[in-house]
Amino acid sequence: MREQLEGSQGIARTVARCRPEVVSAYPITPQTHIVEALSRMVRSGDLEHCEYVNVESEFSAMSVAIGASATGARTYTATASQGLLYMAEALFNASGLGLPIVMTVANRAIGSPINIWNDHSDAMSMRDCGWIQLYAADNQEALDLHIQAFFLAEALSVPVMVCMDGFVLTHAFEPLEIPLQNDVDAFLGPFEPRQVLDPDDPVTIGAMVGPEAFTEVRYLSHIKQMQALDLIPEVSADFRERFGREAGGLFSCLHTDDAETIVIVLGSVFGTIADVVDDLREQGSSIGVLSLKSFRPFPTEELRAALSGAKRVVTLERALQVGVGGIVSENVRSALSGTSIPTHTVIAGLGGRPITRKTLRPLFATAMAGELPEVHFLDLREDVIEREIWRASEGSHTGPHAESILRNIGIVRAEPV
Amino acid sequence: MAKGGGALTVAPQMFQARVHGRGGQGVVTAAELLSLAAFAEGLEAQAFPSFGSERMGAPVVAFCRTDTKPIRLREPIAEPDAVIIQDPTLLHHVDVFGGLTETGYVLINSARSIEELGLAELLTPARAGRVVTVPAGELARARTGRPIPNAALLGALSAMTSVVSQDSIEAAIHGRFKGKMADSNAAAARDAFDYVREPVHA
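Residues numbered from 1 in each chain as written. Chains lettered and ligands numbered in written order. Predicted model: local features only at pLDDT ≥ 70, side-chain atom pairs only at ≥ 80, totals over all residues.

Engineer: Could you give an account of the overall build of chain B, naming the residues involved and the relevant values?
Structural biologist: Each helix and strand counted, chain B has five helices and six strands in total. Reading chain B from its N end, one meets helices and strands in the order β-α-β-β-β-β-β-α-α-α-α. Compactness check: chain B gives a C-alpha radius of gyration of 15 Å against a globular reference of 17 Å for 202 residues, within 12% of the reference. Its C-alpha atoms put chain B at 40 × 40 × 40 Å along the principal axes. Burial analysis of chain B (202 residues in total) assigns 48% to the buried set. (Helix = DSSP H or I, 4+ residues; strand = E, 2+ residues; numbered from the N terminus. Rg over C-alpha atoms; globule rule 2.2 N^0.38 Å. Buried ≥ 20, exposed ≤ 12 C-beta atoms within 10 Å, placed from the backbone.)

Engineer: Describe in detail the overall build of chain A, supporting the description with residues and values.
Structural biologist: In terms of regular secondary structure, chain A is built from 15 helices and 15 strands. Projected onto its principal axes, the C-alpha positions of chain A cover 70 × 55 × 55 Å. Among the 417 residues that make up chain A, the fraction classed as buried is 48%. Of the contacts made within chain A by residues no fewer than 6 positions apart, 78% connect residues no fewer than 24 positions apart. (Contact = placed C-beta atoms within 7 Å.)

Engineer: How would you summarise the environment of A:Asp128 if you had to cite specific residues and measurements?
Structural biologist: In this fold, A:Asp128 is placed in the loop between helix H6 (121-125) and strand E6 (132-135). Between the C-alpha atoms of A:Asp128 and A:Arg296, which are 168 residues apart in sequence, the distance is 8.2 Å.

Engineer: So what about the interface of chain B and chain A? Which residues, and what values?
Structural biologist: Across the boundary between the two partners, chain B contributes 17 residues, which contact 18 residues of chain A. Looking at the side of chain B that touches chain A, the element that brings in the most residues is strand E2 (residues 44-50) of chain B, giving six residues. Considered class by class, the residues forming the side of chain B that touches chain A number 10 nonpolar, two polar and five charged. (Nonpolar A, V, L, I, M, F, W, Y, C, P; charged D, E, K, R; others polar.)

Engineer: Could you give me a rundown of the confidence of the model for chain B, with the residues and numbers involved?
Structural biologist: Residues and elements named next belong to chain B. The predicted model of chain B has a mean per-residue pLDDT of 90, with 90% of residues at 70 or higher. For the stretch residues 1-11, pLDDT sits under 50, and the model shows 21 contacts to residues farther than four places along the chain or on other chains. Interface scoring of the predicted complex returns ipTM 0.92; its pTM is 0.95. (pLDDT = per-residue confidence, 0-100.)

Engineer: Now, about the sheet that holds strand E11 (residues 287-292) of chain A: what can you tell me, with residues and values included?
Structural biologist: Residue and element names in this part refer to chain A. With mixed pairing, the six strands of this open sheet are ordered in space as E9-E11-E10-E13-E14-E15. At either end of the open sheet lies a strand with only one pairing partner, and these are strand E9 (251-254) and strand E15 (375-377). Averaged over neighbouring strand pairs, the angle between their axes works out to 20 degrees when direction is ignored. When strand E10 (residues 261-266) meets strand E13 (residues 312-317), the two strands line up parallel, connected through four bridges. Looking across to E13, one finds that Thr261 is bridged to Arg312. Relative to E11, helix H10 (residues 269-282) is tilted by about 165 degrees, and along the sheet it contacts E9, E10, E11 and E13. (Pairing = 2+ DSSP bridges. Axes fitted to C-alpha atoms, helices over the stretch in contact; angles between N-to-C directions.)

Engineer: Outline unusual backbone geometry, listing residues and values.
Structural biologist: Residue and element names in this part refer to chain A. With an omega of 10 degrees, the peptide bond running from Gly111 to Ser112 counts as cis. Looking at the secondary structure, you find Ser112 in the loop between strand E5 (102-107) and H6. With omega at 0 degrees, the peptide bond leading from Arg296 into Pro297 counts as cis. Tracing the backbone shows Pro297 in the loop between strand E12 (294-296) and helix H11 (300-307). With a phi close to 60 degrees, His255 is a non-glycine residue in the positive phi region. By the element assignment, His255 lies in the loop between E9 and E10. Since 18 C-beta atoms lie within 10 Å of it, His255 is described here as partly exposed. Of note, Asp379 is a non-glycine position whose phi angle comes to about 60 degrees, a positive value. Asp379 sits in the partly exposed class, given 15 other C-beta atoms within 10 Å.

Engineer: Summarise the domain arrangement of chain A; cite the residues concerned and give the values.
Structural biologist: As assigned here, chain A comprises domain 1 (2-243), domain 2 (251-377) and domain 3 (382-417). Look at where the C-alpha atoms of domain 1 of chain A and domain 3 of chain A centre, and you get two points 41 Å apart. (Domains from an automatic or database assignment.)

Engineer: An account of the environment of A:Phe377 is requested, with residue identities and associated values reported.
Structural biologist: Tracing the chain through its elements places A:Phe377 in strand E15. Taking the C-alpha atoms as reference, A:Phe377 lies 4.8 Å from A:Ile347; in sequence the two are 30 residues apart.

Engineer: Outline the nonpolar core, listing residues and values.
Structural biologist: Of all hydrophobic cores here, the largest spans 183 residues; its most connected members are A:Val160, A:Val162, B:Leu34, B:Leu107, B:Ala152, B:Leu153 and B:Ala156. The element best represented in this core is helix H1 (residues 27-40) of chain B, accounting for 10 residues. Those residues within four positions of B:Leu107 in sequence are excluded, and the remaining contacts are B:Ala82, B:Ile84, B:Ile85, B:Val132, B:Val134, B:Leu153, B:Ala156, B:Leu157 and B:Met160. (Core = buried A, V, L, I, M, F, W, Y, C linked by C-beta atoms within 7 Å.)

Engineer: I'd like a rundown of the sheet that holds E12(A), residues and numbers included.
Structural biologist: Residue and element names in this part refer to chain A. With mixed pairing, seven strands are arranged side by side in an open sheet as E3-E2-E4-E5-E7-E6-E12. Of all strands in the sheet, those with a lone pairing partner are strand E3 (51-54) and E12, marking the two edges. Recorded for the sheet is a direction-independent mean angle of 20 degrees between the axes of neighbouring strands. Taken together, the six bridges between E5 and strand E7 (residues 160-165) define a ladder with parallel strand orientation.

Engineer: Quick one: what's the story with the confidence of the model for chain A, residue by residue and with numbers?
Structural biologist: Overall, the prediction assigns chain A a mean pLDDT of 96, with 98% of residues at 70 or greater. When the criterion is pLDDT under 50, residues 413-417 of chain A qualifies, and its contacts beyond four places in sequence or with other chains add up to one contact.

Engineer: Could you give an account of the packing of helix H14 (residues 382-392) of chain A against helix H15 (residues 401-408) of chain A, naming the residues involved and the relevant values?
Structural biologist: Residue and element names in this part refer to chain A. It is at 11 Å that the axes of H14 and H15 come closest, and there the two elements cross at 125 degrees. With respect to H15, the axis of H14 lies oblique. The two elements H14 and H15 meet at a crossing, and its hand is right-handed. Note on element contacts: H15 touches H14 through His401, Ser404, Ile405 and Asn408, opposite Val384, Arg387, Glu388 and Arg391. Each residue belonging to the contact of H14 with H15 can be placed in one class, and the counts come to two nonpolar, three polar and three charged. (Parallel < 35°, antiparallel > 145°, perpendicular 65-115°, else oblique. Left-handed = near helix turned anticlockwise from the far one by under 90°.)

If you want it as structure tokens, here you go:
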């Protein structure tokens, strides 16, 4: 039955139906509503056989998750932004140990300048931490990906991050279908851990491994993620059969089969772009959009096949690799290596700047005309940039850029009001 | 769905409402309640906040879209079919009417008239009967003891448009709140509905 729900409440209720046994978390905007709701469910008894551990930091949240998962408990946490960075070391430990923890990342920018709004800087900064990273295009998919994430994590014994856009999804009210308990139980089955810390049958996990075997251990992690490339589509197909909805997979496509221009996106911007692409199609334009769901592992071969007929590929991403350009684009480019298909990067929506149809339409027109530069910053306020560069060149003690720009665009006044 | 009795109707397509107010006035809740009411009408609905400075008293905007088909669009609402202004002191600080469609509805929480607020230019023929002030804060205070105008303004909106019915607004309020809180806010919404439908105001 569909209900009109906040995304975060939908996530919490769906995670509860996955029957986690330990939830450890530290609140951080915009993830807080999810773990608050779960803590209430544990307290009220709606979520049974689960311990909620309210820790004092994200480092502890992941450390508790590691400990819990190592004892064979189905384990969940959620974080965002600086919180994800604070648990960075523990993230690598969780994946290195092969612990099937599932975590929601409510994507948010990283400071400085401090910013609570949505972009993908947080998850992208942790792209090499050994976790599977799945991106949700809408709230229903975010719910459904959590169920698939527990399955994938436990089947491969690898941790999985489900990335959903902070505020845009977490705080949006929309119709959601909460999966039924029986269906989730049948889909997931009980957790059968590959490794269990048990006082009655002691083992060591996390031993030091020297040069003699470190490469081999790492290589095995790589193999698991390569296996995930096969398993992710299977799990998505199984999910569709049981639940009657499309969710997950490596990527989904809209009008890409015969498209000259293919736009690649991650996350919730897919919806707005799908509306624009549908309009352009009606006007006869040859354009399609590909919504990437699995960023880690990266579906290199599968993408290459999906993009092979395109004349150009535009990757629109909500994160910036300072000094380089796009992050996702770099992976897309490697998938297309050896072909003559030009690739373009569009950096958009940083720190919560809305991505709107108004600027997407001319952007796509420029792209279809073959006039898009290799790297383009959408809606960049060039007057602001020029003025600030000029100002900063005027002296030696010119102060910080952020505060100067805010003064110039009138967000804060230079003098007391 | 339409309640008759002189209700103005909107085309059966996407309807976009923007709610302006200040932190603490239930702006986000207003958008959420509207989406709940629209969902109860069998419509697709999407509500989302635009968090600026999350401080008591700071300007806050929230959005609600409804449609007869699933909503994929996620951009903020730049061209609203309705603006709901919970705090008239924003009129001079925030571009609350920015992008308002030619036939767009305007609903302001104020005991003063549109002319008294200096907004006569909004009263175009295309917006006949669509630009209204309601003393929503006072109606809310009388029923709930607090001047939080959101529920009352939604009652007024349902009287102006047929996007959602008053019954759905009240059902949404009861779905979101409990007990006296729900009853008193639903009563305030009903009062505001009657206020707009009643052609002669004191």
